[in-house]
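Reading the structure
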Amino acid sequence: MSSIFIPEGYDPKYGIMETEIAIKFVKDFFEKELSSALNLTRISAPLFVKKSSGLNDNLNGVERPVAFETKEVPDETLEIVHSLAKWKRMALKRYGVPVGQGIYTDMNAIRRDEDMDNTHSIYVDQWDWEKVITKEDRNFDFLKETVRKIYKVFLNTEKELSARFEKVKISLPNEVTFITSQELENLYPNLTPEERENEFAKSRGAIFVTQIGKVLASGQRHDGRAPDYDDWELNGDLILWDPALNHSLELSSMGIRVDKDALERQLKELNLEERKELDFHKQLLNGELPLTIGGGIGQSRICMFFLQKAHIGEVQASFWTEDIKKVCRENGINLL
């Protein structure tokens, strides 16, 4: 059984139907604000892609996608997406989106190898977004500017939600604090990466940990990242301190995407240069794809955070083991 944490004296604040109403409010408001802040247009997106395309997100490289064949084309394997990190870049090219504008979509996925706990489900729902940038935008200052725009959406959502749902009381800091994964290791050398994030988020309230995926001075990586979407020098995770869980909560992973040089460097580092033969990678190496910045923002997780829920199953309908359902039922956690 996966680990479930029960906060002491937990109060769900709202019943299921009231919670559903609040979920819709959060999602509708946040989506509108995000679109405006980053100049994004909503588009439709696939639930599955061809395995041979190389478009699926490989996450940490060990997670198994849900795969199947079809009656019409039995020799072509399709994979349920893990995310749309690479597909979005192809879409920007195909749709002719100009510099300074972008797209976003409701991404639904199955991640069969997730460990089920308070914040992880095998069902993933997030806003996947991607924006066309220039070569001159591929720098840390541009990344920080974009993160601050997204964080302002969180602040605006907090303000509106608190005004409409009086039981919700949150206090985000006015600014997000930036720190590199190496600086975090230097600050807490005896802690694990997750413990480092937890300690720093607790002290600052809202943090953005940059340079995820690269090897640190210790010889370890802060966390795994696929080599073919984020540039490991120009990416990061947005993490907030969650008072309901008394723990840090990652709500977004994003970054400036690889260009030709970064892709070649990162594929070589992970000994995955055979990926250069896949369609997506060929187009990128030939300079046929736009330079972009993009990421994902967890829909259920932001609802968890803003509604101060202890378990992600309180804001999304998913599959849970009988043991998890029993523990939640006994502790006032209402799974959808």
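Conventions used here
Residues numbered from 1 in each chain as written. Predicted model: local features only at pLDDT ≥ 70, side-chain atom pairs only at ≥ 80, totals over all residues. Heavy atoms only, no water. UniProt positions renumbered as here; feature names shortened; annotations may be inferred. Pairing = 2+ DSSP bridges. Helix = DSSP H or I, 4+ residues; strand = E, 2+ residues; numbered from the N terminus. Axes fitted to C-alpha atoms, helices over the stretch in contact; angles between N-to-C directions. Contact = heavy atoms within 4.5 Å. Left-handed = near helix turned anticlockwise from the far one by under 90°. Nonpolar A, V, L, I, M, F, W, Y, C, P; charged D, E, K, R; others polar. Buried < 20%, exposed > 50% of the residue type's maximum accessible area, 1.4 Å probe, protein only. Core = buried A, V, L, I, M, F, W, Y, C linked by side-chain atoms within 4.5 Å. Salt bridge = Lys/Arg side-chain N within 4 Å of Asp/Glu carboxyl O. Expected span 1.5 Å × (residues − 1). Polar contact = N/O pair within 3.5 Å; in protein donor to acceptor, adjacent residues only side chain to side chain.

Per an unreviewed UniProt entry, the recorded name for the protein chain is Aspartate--ammonia ligase, and the organism is Leptotrichia rugosa. Here the protein chain is described in UniProt, under the heading Sequence similarities (unreviewed entry), as follows: "Belongs to the class-II aminoacyl-tRNA synthetase family. AsnA subfamily." For the protein chain, the Catalytic activity (unreviewed entry) comment in UniProt is given as "L-aspartate + NH4(+) + ATP = L-asparagine + AMP + diphosphate + H(+)".

Right, let's talk about the sheet that holds strand 7 (residues 177–180) for a bit. Within the open sheet, the 8 strands sit side by side as 1-5-6-11-10-9-8-7. Their pairing is mixed. The open sheet terminates on both sides in strands that have one partner only, identified here as strand 1 (40–42) and strand 7. Strand-to-strand twist across the sheet, computed as the mean angle between neighbouring axes with direction ignored, equals 25°. Sheet contacts for helix 1 (residues 16–38): strand 1, strand 5 (102–110), strand 6 (123–132) and strand 11 (292–298); angle to strand 6, the most-contacted strand, approximately 20°.

Our focus in this paragraph is the packing of helix 1 against helix 3 (residues 140–164). Packed helix pairs are characterised by how far apart their axes lie and by the angle those axes make with each other. Here helix 1 crosses helix 3 at 150°, and the two axes come no closer than 9 Å. Crossing handedness for the pair helix 1 and helix 3: right-handed. Note on element contacts: helix 3 touches helix 1 through Thr146, Lys149, Ile150, Val153, Phe154, Asn156, Thr157, Glu160, Leu161 and Arg164, opposite Phe25, Val26, Phe29, Phe30, Glu33, Leu34, Ala37 and Leu38. Of the residues in the contact of helix 1 with helix 3, the class split is 11 nonpolar, 3 polar and 4 charged.

Turning our eyes to something else, we now look at the environment of Ile179. With respect to the helices and strands, Ile179 occurs in strand 7. A C-alpha to C-alpha distance of 6.3 Å links Ile179 and Phe208, two positions 29 residues apart in sequence. Contacts of Ile179, omitting those with residues within four sequence positions, involve Leu184, Leu187, Phe200, Phe208, Val209 and Thr210.

On to helix 2 (residues 87–95). Looking only at helix 2, the buried set comprises Trp87, Lys88, Arg89, Ala91 and Leu92. Among the structural elements, strand 5, strand 6, strand 10 (247–257), helix 7 (279–285) and strand 11 are those in contact with the buried residues of helix 2. At the C-terminal side of helix 2, Gly96 shows a positive phi close to 65°.

Within the largest apolar cluster, 57 residues are counted, with the highest numbers of intra-cluster contacts made by Trp129, Phe154, Leu172, Leu240, Ile297, Ile302 and Phe306. Trp87, Ala109, Val258 and Leu267 belong to the second-largest nonpolar core, a separate cluster that totals 23 residues.

Turning to the pattern of salt bridges, a few remarks are in order. The full count for this structure, using the stated rule, is 22 salt bridges. For Arg257, the salt bridge is made with Asp230, and the minimal N-O distance between the two is 2.4 Å. Placement of Arg257 in strand 10 and of Asp230 in strand 9 (residues 230–242) is noted, with a sequence separation of 27 residues between them. Arg257 sits in the buried class, given a relative accessible area of 3%.

In terms of residue burial, strand 9 counts as a mostly covered element, since 12 of its 13 residues are buried. Here 5 bridges tie strand 8 (residues 206–210) to strand 9, and the two strands are oriented antiparallel to one another. The partner of Ile207 across the bridge, within strand 9, is Ile239. Pairing between strand 9 and strand 10: 9 bridges, direction antiparallel. Paired with Ile239 across the strands is Glu250, a residue of strand 10.

Here the focus is the pairing of strand 8. Judged by how many residues are buried, strand 8 sits mostly within the fold: 5 of 5 residues are covered. The two faces of strand 8 match: Ala206, Phe208 and Thr210 on one face and Ile207 and Val209 on the other face are all buried. Taken together, the 4 bridges between strand 7 and strand 8 define a ladder with parallel strand orientation. Looking at strand 8, one finds that Phe178 is bridged to Phe208.

Its location among the elements puts Asp125 in strand 6. Given the relative accessible area of 7%, Asp125 is considered buried. A C-alpha to C-alpha distance of 13 Å links Asp125 and Ala45, two positions 80 residues apart in sequence. Apart from residues lying up to four places away in sequence, Asp125 is in contact with Lys27, Met107, Asn108, Gly298, Gln299, Ser300 and Gln316.

Here the focus is helix 3. Think of an α-helix as turning once every 3.6 residues; residues three or four places apart then point the same way. Taking 1.5 Å as the rise per residue, helix 3 with 25 residues should run 36 Å; its terminal C-alpha atoms sit 37 Å apart, in good agreement. At the N-terminal end of helix 3, a side-chain oxygen is found 3.1 Å from the backbone nitrogen of Asp141, two or three residues along, and the residue is Asn139.

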